[in-house]
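Secondary and tertiary structure notes
Listed below are the residues making up each chain.
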Amino acid sequence: MRRYALTAVGADRPGIAAAVTEVLYAHKCDIRDSNMMLLDDEFAIALIMTLPGRKKRSTVENDLKKLKQSENITVNLNEIPEKSEGKSPASDFIATLHGKNRPGIIYRVCALLHGLGVNVTNLESKALDVEGKGLYVLVVEAACPEGVPAKKVLGRLKTLAKRLGLKSNVQL
């Protein structure tokens, strides 16, 4: 079965999720996994879906493109490889880092995890203005490769957080 990754972004308002999923429902697409969220003042959708039987991608894409004119939503649909056998990795830990906002926080955390062979399974971040101070919150879930203990990774994350002037909280 052909799999597709769909992304959609539009200025936040009620009805964006309904407009996108209405098109998919009308074409009998199967949404396998999805995440819909508010990013700053934009509503974003990321999902994995399949098309039924002989349904042509172009037919679905044409209807999705109409959302650009009618709803001012930018939609992209890309074919992706078949799902590999085996399970998706389960998260071994959740780490939260927070403190003064500055460029590079996500990069430094992701580079550290990559260097240890750790797979990021979910990452969320938010810049906040709390009492006139720029606060940054990052929550990362990750799966450790065989032979790399989560405690080691968490220790390295705590050290990095301290170097960046952030506080950290971790959960195994």
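Residues numbered from 1 in each chain as written. Predicted model: local features only at pLDDT ≥ 70, side-chain atom pairs only at ≥ 80, totals over all residues. Heavy atoms only, no water.

1. Overview of unusual backbone geometry
Most of the time, phi is negative for any residue but glycine, and the peptide bond is trans. Heads up, the condition is: In this description a helix means any DSSP run of H or I spanning at least four residues, a strand means any run of E spanning at least two, and both kinds are numbered starting from the N terminus. Note on exposure labels: buried denotes an accessible area under 20% of the residue type's maximum, exposed denotes more than 50%, and partly exposed covers the range between, all computed with a 1.4 Å probe on protein chains only.
Phi angles above zero are rare outside glycine, and K28 is one such case at about 60°. Within the fold, K28 resides in the loop between α1 (16-26) and β2 (30-39). With a relative accessible area of 66%, K28 lands in the exposed category. Here E131, not a glycine, exhibits a phi torsion of approximately 50°, which is positive.

2. Describing the packing of helix α3 (residues 105-115) against helix α4 (residues 150-163)
The condition that has to hold: A fitted line through C-alpha atoms represents every axis, and for helices the fit uses only the stretch in contact; the resulting angles, taken between N-to-C directions, go from 0 to 180 degrees. Should an angle fall under 35 degrees it is called roughly parallel, over 145 degrees roughly antiparallel, and 65 to 115 degrees roughly perpendicular, with every other angle called oblique. Crossing handedness is defined as follows: a turn of the near helix away from the far one that is anticlockwise and smaller than a right angle gives a left-handed crossing, while the clockwise case is right-handed. The criterion used for residue contact is that any of the two residues' heavy atoms lie within 4.5 Å. Amino acid classes used here: Ala, Val, Leu, Ile, Met, Phe, Trp, Tyr, Cys and Pro are nonpolar; Asp, Glu, Lys and Arg are charged; the rest, including Gly, are polar.
Axis separation between α3 and α4 bottoms out at 11 Å; the angle between their running directions is 150°. Relative to α4, α3 is oriented roughly antiparallel. The element α3 and its partner α4 pack so that their crossing is right-handed. Where α3 approaches α4, its residues R108, V109, L112 and L113 are matched on the opposing element by V153, R156, L157, L160 and R163. The residue inventory of the contact of α3 with α4, partitioned by class, reads 6 nonpolar, no polar and 3 charged.

3. A closer look at the packing of α1 against helix α2 (residues 57-71)
The geometry of α1 relative to α2 is characterised by a closest axis approach of 10 Å and an angle of 155° between their N-to-C directions. Between α1 and α2, the angle is such that the two are roughly antiparallel. Two packed elements cross with a definite hand, and for α1 against α2 that hand is right-handed. Facing A19, V20, V23 and L24 of α1, the residues of α2 in contact are V60, D63, L64, L67 and E71. When the residues that make up the contact of α1 with α2 are grouped by side-chain class, the tally is 7 nonpolar, no polar and 2 charged.

4. Considering the side chain of R3
Heads up, the rule is: Here the positive residues are Lys and Arg and the negative ones are Asp and Glu; neither His nor the chain ends is included. What makes a salt bridge here is a side-chain nitrogen of Lys or Arg within 4 Å of a carboxyl oxygen of Asp or Glu, nothing more. Each polar contact in these results corresponds to two N or O atoms within 3.5 Å; when the atoms are within protein, one needs to be able to donate a hydrogen and the other to accept it, and residues that are neighboring in sequence are counted only if both atoms are side-chain atoms.
Structurally, R3 can be placed in strand β1 (residues 3-11). It turns out R3 is buried and unbridged, and the closest side chain with the opposite charge, E82, is 5.6 Å from it. Here the side chain of R3 touches P81 through a polar contact of 2.9 Å, landing on its backbone oxygen.

5. Topic: the environment of E42
For E42, the position within the fold is in strand β3 (residues 42-50). Classification of E42 as partly exposed rests on a relative accessible area of 29%. Taking C-alpha positions, E42 is 24 Å from E131, a pair spaced 89 residues apart along the chain. Not counting chain neighbours up to four residues away, the residues in contact with E42 comprise V9, G10, A11, D12 and M37. A polar contact of 3.2 Å, which involves the side chain of E42, links it to the backbone nitrogen of A11.

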